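Remarks on the overall topology
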Amino acid sequence: MTTILSIQSSVAYGHVGNSAATFPLMRLGVEVWPVLTVHFSNNTSYPSKRGPLLAPSDVAEVVTGIDELGVLAQVDAVLTGYQGAPEMGAEILRIVALVKERNPKAVWCCDPVMGDVGRGMYVLPGIPEFMRDHVVPAADILTPNHYELDYLTGRETHTVADVLGAADALRAQGPGTVLVTSVVAEGADPDTVMMVAVGEQGAWSVTTPLLERSFTGSGDLTASVFLASLLEDESLETAVGRTAAVVYSVLEKTTELGRRELALVPAQDELIAPSHTFEVRRLR
């Protein structure tokens, strides 16, 4: 059985971080070992929140405890998202190295959460530079959005060709696979949004309708489904198509129900058999 060590934030109410990743991955048949970096009452888009921010040493203690059980070699992949502070990022790098020491075939999938179009950077100072200088070279799979792609490569990308060039630049630094989400390209239908996946097998894009609202946790869901698909030995083409279908179907259900938080439980069947499928176009 596929096993993922997921080091992310957690909320009691709603679905972001591990609270957006654990249930979908389990529903997909993946064993998940969640390690929490924070445990908040709710996500930070609300006017207030409560709960503890865990220290890097706390996270290290949890992973050390797992390692002492002698089971860390069972981990097929480490999944990470929002890292909080550079100190937490440094601890995550150490944990990834330990997992790979126990299982050299294990991979690290990182969603380099930093910012987005219209919002700019929304992480603490030092995180963007840490992502660019330390995380990118160490990650095996990277899932930036369009805004994060531009920052990590120091480029302004406007066309699909630009995005491919930037993804190639990222891959040249370390990650074998790059999934760029929320791509808005010149000449594209303004009522659509695109994903672009680039790897050794080639490059593909999937375009889905644009839902006119924002979703917290959608990036966490995307990275989870994409990683699970790749770990099932699916081709990159199949993985990006499946990811787009699942995520869009869940977001549509969330919108239909008028939910602010992802409707993961009502939409759980969409994780297995999504209502929508989309054409996967080979770019090269």
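Residues numbered from 1 in each chain as written. Predicted model: local features only at pLDDT ≥ 70, side-chain atom pairs only at ≥ 80, totals over all residues. Heavy atoms only, no water.

1. Observations regarding the pairing of strand 1 (residues 3-11)
Put simply, the rule is: Working definition: with a 1.4 Å probe on protein chains only, accessible area under 20% of the residue-type maximum means buried, over 50% means exposed, and in between means partly exposed. We count a stretch as a helix when DSSP gives it H or I for four or more residues in a row; a strand needs E for two or more, and each element gets its number in order from the N terminus. Handedness rule for crossovers: strands pointing away from the viewer, path from the first strand over the helix to the second running clockwise, crossover right-handed. For two strands to be treated as a pair, DSSP must find at least two bridges joining them.
Most of strand 1 is tucked away, with nine of its nine residues classed as buried. Handedness of the crossover joining strand 1 and strand 2 (residues 31-40) through helix 1 (residues 18-27): right-handed. Bridge count between strand 1 and strand 3 (residues 77-80): four bridges; the pairing is parallel. Along strand 3, the bridge assignment pairs Ile-7 with Thr-80.

2. Points about the pairing of strand 9 (residues 192-199)
Taking burial as the measure, the eight residues of strand 9 include six buried ones, the bulk of the element. Judged from the four bridges that link them, strand 8 (residues 177-183) and strand 9 form a sheet pairing that is antiparallel. Bridging from a neighbouring strand, Leu-179 pairs with Ala-197 of strand 9. Where strand 9 and strand 10 (residues 202-209) come together, eight bridges link them in antiparallel fashion. Bridge assignment links Gly-199 to a residue of strand 10, and that residue is Gly-202. In sequence, strand 9 turns back onto strand 10 through a hairpin of two residues.

3. Re unusual backbone geometry
Residue Ser-182 is not a glycine yet carries a positive backbone phi of 55°. Topologically, Ser-182 is positioned in strand 8. Accessibility expressed as a relative area gives 37% for Ser-182, which makes it partly exposed. Backbone geometry at Asp-233 places phi at a positive 70°, although glycine is not the residue there.

Shape descriptors only; they carry no functional weight alone.
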